[in-house]
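Below, each chain spelled out in residue letters.
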Amino acid sequence: MSIVTVQLGQCGNQIGHEVFSTLCSDIRGTHGLCSKKENESYQDSCKERFFCEEESGAPVARAVLVDMEPKVISQTLSMAASSGHWKYSSHSHFCQQQGSGNNWANGYSVHGPRHKEAILNLVQKEAEKCERLGGFFTTMSVAGGTGSGLGAFVSQCLRDAFPTSFILNHVVWPYGTGEVIVQNYNSVLTLSHLYHSSDALLVHENDVIHKICARLMNIKQISFRDVNQVIAHQLGSVFQPTHTAGGGSGYSRNPLGDLLEPLVPHPELRMLGLRNIPQMPQSSLAYSTFSWPGLIKHLRQILIANAHMEEGIDWQVRPPQAGSSIPSTNKPLHFNTSIANLVILRGKDVHSVDLGSFQDPSLYTSWLNPRDAFNAWKTPRAFNKYEKSAALVSNSQFLLKPLDSIVGKAWNMFASKAYLHQYTKFGIQEEDFLDCFTTLEQVISSYTNL
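Residues numbered from 1 in each chain as written. Predicted model: local features only at pLDDT ≥ 70, side-chain atom pairs only at ≥ 80, totals over all residues. Heavy atoms only, no water.

**What to know about the overall build of the chain**
The helix and strand tally for the chain stands at 15 helices and 12 strands. Taken over the C-alpha trace, the chain has a radius of gyration of 21 Å; the compact-globule value for 450 residues is 22 Å, and the two agree within 12%. The principal-axis extents of the C-alpha atoms in the chain amount to approximately 60 × 60 × 45 Å. Among the 450 residues that make up the chain, the fraction classed as buried is 59%. Excluding contacts between residues fewer than 6 apart, the proportion of contacts in the chain whose partners are at least 24 apart in sequence is 81%. If you sum the accessible surface of the chain, you get close to 18400 Å²; carbon and sulfur atoms cover 50% of it. In the chain, 36 positive and 38 negative side-chain charges are present, and the distance between their average locations comes to 5 Å. (Helix = DSSP H or I, 4+ residues; strand = E, 2+ residues; numbered from the N terminus. Rg over C-alpha atoms; globule rule 2.2 N^0.38 Å. Buried < 20%, exposed > 50% of the residue type's maximum accessible area, 1.4 Å probe, protein only. Contact = heavy atoms within 4.5 Å. Areas by Shrake-Rupley, 256 points an atom, 1.4 Å probe, with all protein chains shown as cover. Lys, Arg positive; Asp, Glu negative; His and termini not counted. Charge placed at Lys NZ, Arg CZ, Asp CG, Glu CD.)

Okay, here's the thing in structure tokens:
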């Protein structure tokens with residue numbers, strides 16, 4: 001099944017480009033460390049998911065690019081074409097001459113309705129090119145104007161136009177110190193609207209990725225491109241083909257369905273976090289060896305201690321003792337309770353890996369059977385030059401703190417009516433804000449009480 005990617009705003013278009021570049025360099029690499037037959041079936045499966053073949057040779061990304069300014073889209077199109085390995089279709093982008101000025105209401109209430117038909121036509125054409133449509137993957141920032149405001153509007157339109165398709169929204173959380181004065185308002189409005197139209201939100205935090213660039217990738221002057229490449233590597237480690245638990249010998253045919261069905265068992269709990277291990281500069285890979293037990297031990301502690309990467313994990317955090325019926329308010333300090341987890345293993349000797357430690361019932365909320373709450377996907381095909389690598393997609397309390405912080409900051413501004421006139425002039429009223437706060441307070445409450 002194929003996935004149509006919808007890249008929204010500057011952030012979404014730049015990340016989308018890095019994701020396709022990562023996928024393409026991975027399938028072109030000869031570093032598969034697996035049999036020729038396995039490698040060919042992996043390449044075919046990736047191409048079917050993310051690219052259409054053209055007579056001219058270079059695969060064409062199954063993507064629609066949307067922005068209200070032309071600059072980023074034209075850069076993105078030309079960078080892809082000049083790589084020589086893949087490209088975007090020349091007919092699947094939409095841009096205007098005037099941006100949204102970081103104003104969510106402008107993107108949502110003005111640009112969205114005005115350009116709805118043109119954007120949906122492009123998406124429809126891209127969907128019709130798929131033999132079987134597996135769903136939509138949208139990527140956007142939650143803080144700006146076009147990506148977040150127009151992005152929230154487009155996601156609702158996708159839900160109306162494709163009611164039975166999966167929609168996974170990938171969203172990028174702003175730096176805590178702030179790029180935009182109204183970023184907390186924009187984030188609250190985006191997240192609450194996406195909660196109603198999306199099957200799940202897969203979240204990356206800029207602050208976390210920035211730390212990974214500094215500490216693990218040893219980058220001195222960190223650019224947005226560096227940050228986006230780390231995000232793209234993490235997304236690729238989830239979306240490249242794998243064998244699912246009950247999927248027989250072939251690669252998973254329904255990537256979004258297989259991902260979302262086990263991870264989102266309840267409509268109020270649909271925030272997914274992503275962790276990857278190991279992560280290091282390409283130059284260090286040749287000198288590094290990893291054992292599966294070591295990687296799994298670190299990944300499990302990253303999960304229970306809510307760590308952002310393999311460096312600086314708090315090893316003191318332990319799950320609550322089995323059988324102790326502690327109310328959720330008295331759980332061990334900093335322990336991160338999960339609803340559902342998916343571990344994806346790629347590389348050498350994956351089939352001998354013991355993942356029993358992730359099936360420990362004390363990691364999970366009591367209302368779900370741990371057998372249903374944990375899934376594992378594996379492939380002997382290595383990813384992106386890493387001999388062994390593991391990814392964790394987790395529906396847990398990973399995002400509780402940042403969500404609480406953004407809602408709190410936005411509420412403080414709202415209480416003093418700061419900048420509200422910028423929204424009301426485009427038709428977003430105080431009641432709309434209150435509805436959004438209510439939605440997210442409910443989400444925070446649901447995750448707090450796991």
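**As for the environment of Gly257**
Take Gly257: it is sitting in helix H9 (residues 255-263). Between the alpha carbons of Gly257 and Asp199 there is a distance of 9.8 Å; along the sequence they are 58 residues apart. Setting aside its immediate chain neighbours within four residues, Gly257 contacts Phe166 and Pro262.

**Focus: empty space enclosed by the protein**
This structure, assessed with the given rule, holds 3 cavities of 30 Å³ or more. Of the voids in this model, the largest cavity is the one considered here, and its volume is about 70 Å³. Surrounding the largest cavity, Val203, His204, Glu205, Val208, Ile209, Ile212, Gln234, Gly273, Leu274, Arg275 and His308 form its lining. At the level of secondary structure, the elements contributing two or more residues to the lining of the largest cavity comprise strand E8 (200-205), helix H7 (206-215) and strand E9 (271-277). For the lining of the largest cavity, the class distribution of residues is 5 nonpolar, 4 polar and 2 charged. Taken as a whole, the second largest cavity holds about 40 Å³ of empty space. Lining the second largest cavity, in full, are Gly112, Lys116, Ile119, Leu120, Phe153, Val154 and Cys157. Elements with a contribution of two residues or more to the lining of the second largest cavity: helix H4 (104-128) and helix H5 (146-161). Residue contributions to the lining of the second largest cavity peak at 4 residues, all from H4. (1 Å grid on protein atoms, 1.4 Å probe; cavity = no way out; pocket = protein on both sides within 12 Å on 5 of 7 lines; lining within 4 Å. Points joined across faces, edges and corners; volume = space filled by probe spheres on them. Nonpolar A, V, L, I, M, F, W, Y, C, P; charged D, E, K, R; others polar.)

**Notes on the sheet that holds strand E6 (residues 133-141)**
One open sheet holds the 10 strands; their spatial order is E5-E4-E1-E6-E7-E8-E9-E12-E10-E11, and the pairing between them is mixed. Edge positions in the sheet fall to strand E5 (93-95) and strand E11 (374-379), since each of these pairs with one other strand and no more. Here the average twist between neighbouring strands, direction ignored, is 20 degrees. Of the strand pairs in this sheet, E6 and strand E7 (residues 166-173) are connected by 7 bridges, and their pairing is parallel. Within E7, the residue paired with Gly135 across the bridge is Phe166. In the packing of H9 onto the sheet, the strands contacted are strand E1 (2-8), E6, E7, E8, E9, strand E10 (338-347), E11 and strand E12 (388-396), and the crossing angle to E7 comes to about 75 degrees. (Pairing = 2+ DSSP bridges. Axes fitted to C-alpha atoms, helices over the stretch in contact; angles between N-to-C directions.)

**Digging into the confidence of the model for the chain**
Residues of the chain with pLDDT of at least 70 account for 95%, and the chain-wide mean is 90. Throughout residues 326-330 the model reports pLDDT below 50, and contacts reaching past four residues in sequence, or to other chains, amount to 5 contacts. (pLDDT = per-residue confidence, 0-100.)

**Points about the pairing of E7**
Judged by how many residues are buried, E7 sits mostly within the fold: 8 of 8 residues are covered. Burial of the side chains of E7 extends over both faces: Phe166, Leu168, His170 and Val172 are buried on one face and Ile167, Asn169, Val171 and Trp173 on the other. Taken together, the 6 bridges between E7 and E8 define a ladder with parallel strand orientation. Bridge pairing links Val172 to His204 in E8.

**A look at the domain arrangement of the chain**
By domain assignment, the chain separates into domain 1 (2-272), domain 2 (282-321 + 332-397) and domain 3 (401-449). Contact between domain 1 and domain 2 buries roughly 3100 Å² in total, counting both sides, with carbon and sulfur atoms accounting for 64%. Counting every contact that joins domain 1 to domain 2 gives 1 salt bridge. Across the salt bridge formed by Asp26 and Arg381, the nearest N and O atoms sit 2.9 Å from each other. Taken together, the links from domain 1 to domain 2 amount to 11 residue pairs in polar contact (both at pLDDT 80 or more). A breakdown of the residues in the side of domain 1 that touches domain 2 according to their chemical character gives 22 nonpolar, 14 polar and 6 charged. (Domains from an automatic or database assignment. Buried area = accessible area lost by both parts, 1.4 Å probe. Salt bridge = Lys/Arg side-chain N within 4 Å of Asp/Glu carboxyl O. Polar contact = N/O pair within 3.5 Å; in protein donor to acceptor, adjacent residues only side chain to side chain.)

**Points about the layout of surface pockets**
The calculated volume of the largest pocket comes to roughly 860 Å³. Looking at the largest pocket, it is lined by 34 residues, and the ones nearest its centre are Asn306, His308, Phe398, Lys401 and Pro402. Elements that contribute at least two residues to the lining of the largest pocket include exactly helix H6 (183-197), H7 and helix H13 (400-415). No other element matches the 7 residues that H13 contributes to the lining of the largest pocket. When grouped by side-chain class, the residues that make up the lining of the largest pocket number 15 nonpolar, 10 polar and 9 charged.

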